[in-house]
Amino acid sequence: MTGDRIVPALHDHGGEGPPLLLLHGAGRTLADWAAVAPLLVPHHRVLAMDLRGHGHSPSGPWRLPEVLADIEEVLADHGIPGALPVGHSLGGMLAVRYALEHPDVTPGAVNLDGFGWGRPDQYVGLDPGQVVQRLAQIRELSVVDRKRKLPAEGLRNLLAEERVISEQLGIPYELLEAGVLRSVRERGDGMLELRPGRREMLEMCAVIDSLDLFGLFRRMTAPLLLGRARRQVPRVPDLDWFDHMMAAYAKGLARDLAALAEERPNVTVVPVDATHAMLLENPRAVAEEILAFAS
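Note that the coordinates shown come from a computational prediction; the quantities given were computed from them, not determined experimentally.

Undergrad: Before we go on, may I ask you to explain the packing of aromatic side chains in this structure?
TA: Each pair of aromatic rings is reported with the distance of its centres and the angle of its planes. Taken as a whole and judged by the stated rule, the model has 4 aromatic pairs. Centroid distance Phe-115 to Phe-217: 6.1 Å. Interplanar angle 90°. Geometry classified as edge-to-face. Here Phe-217 lies in helix α8 (residues 213-219) and Phe-115 lies in the loop between β5 (109-112) and α4 (128-144), a separation of 102 residues in the sequence. Across this residue pair, the class does not change: Phe-115 and Phe-217 are buried.

Undergrad: What is the right way to read the pattern of salt bridges from this model?
TA: Once their charged atoms are close, side chains differing in charge can pair, the charge on each being opposite to the other. Evaluated as defined, the whole model comprises 18 salt bridges. Here Glu-73 ties to Arg-5 by a salt bridge, and the two come within 2.7 Å at their closest N and O atoms. Residue Glu-73 is located in helix α2 (residues 64-77), and its partner Arg-5 is located in the segment before β1 (10-14); the two are separated by 68 residues in the primary sequence. In this structure, the salt-bridge partner of Glu-140 is Arg-198, at a minimum N-O distance of 3.5 Å. Of the two residues, Glu-140 is situated in helix α4 and Arg-198 in helix α7 (residues 198-210); the sequence distance between them amounts to 58 residues. Note on Arg-198: relative accessible area 24%, which makes it partly exposed. When salt bridges that share partners are traced, they join Arg-119, Asp-121, Arg-255 and Asp-256 into one network.

Undergrad: Can you help me understand helix α11 (residues 283-294) in this one?
TA: Given 3.6 residues to a turn, an α-helix orients residues that are three or four positions apart in the same direction. Between the first and last C-alpha of α11 there are 16 Å, a value that for 12 residues agrees with the 16 Å anticipated at 1.5 Å per step. Pro-283, Ala-285, Val-286, Ala-287 and Ile-290 are the residues of α11 that are buried.

Undergrad: Just checking my understanding: could you explain the pairing of β5 for this structure?
TA: Residues Ala-109 and Asn-111 line one face of β5 and the alternating positions Val-110 and Leu-112 line the opposite face, and both faces are buried. In this structure, strand β4 (residues 84-88) lies alongside β5, joined through 3 bridges in parallel fashion. Among the inter-strand pairings, Gly-87 is bridged to a residue of β5, identified as Asn-111. Taken together, β4, helix α3 (residues 90-101) and β5 constitute a β-α-β crossover, and its handedness is right-handed. Sheet topology note: the β5/strand β9 (residues 224-229) ladder contains 4 bridges and is parallel. Residue pairing in the sheet places Leu-112 in a bridge with Gly-227 of β9.

Definitions and limits used
Residues numbered from 1 in each chain as written. Predicted model: local features only at pLDDT ≥ 70, side-chain atom pairs only at ≥ 80, totals over all residues. Heavy atoms only, no water. Phe/Tyr/Trp six-rings, centres within 6.5 Å; stacked < 30°, edge-to-face > 60°. Helix = DSSP H or I, 4+ residues; strand = E, 2+ residues; numbered from the N terminus. Buried < 20%, exposed > 50% of the residue type's maximum accessible area, 1.4 Å probe, protein only. Salt bridge = Lys/Arg side-chain N within 4 Å of Asp/Glu carboxyl O. Expected span 1.5 Å × (residues − 1). Pairing = 2+ DSSP bridges. Right-handed = clockwise from strand over helix to strand, strands pointing away.

All quantities given are derived from atomic positions and should not be read as evidence of function.
Dropping the structure here:
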């Protein structure tokens, strides 16, 4: 790392053909692509990277120009500046922004369920003021664990939580375990910490909040694939309003994506039979949509 520049951690899945760069979501790692990437390799050169502050990548200021520069540098270093950026969640938002900033070489973008928490008016039938309050609660919950410092044996508890998620969503436990192990770092005092930390998560939330996503989608003139999760995420404990709120958002998001696809012939919207954790739940469906789009 030099100044604000870092050297991101990568996994080169190999393959030949048009190159793809796989980008993960906030708080996740390149391990999320472990089941999808092998399905892409027969047709593409495939790289996956850890975003700064995630997984095995160094930390650095979490600002959009620096993060996009990380992507540009990775592609330049590997001689594939014209790779198609394919992202999930936050990674999908970055894929769109990167394509917009490199229109001469980037053939398009794939954004898989990278829609954030949306706008208050997208929560059909709910009071926008109440939605704003609820979203503030959700954002705080998304970063509260990042303050935790764990004793070494605390890793067992994290993995036990992942085993419950594995049973709930039908995700192979090994995929979830790999993500946790890549996200945990040992400190000098023998304690463990989750990466990214609270500060970086707050910076990422600020970046996401700054993006006018549908404005970005409308600016795209190159082909754009938008994958939308067909199923809701599981119930959140102690938030009895969460399911109702997410159902309202799903209606508004589906409405707005349908209108966007009708308005913009370069935009393809596809439902994916999974929750937001689609890379882990239904990797074959995800890979099929990417392959169909990239071809």
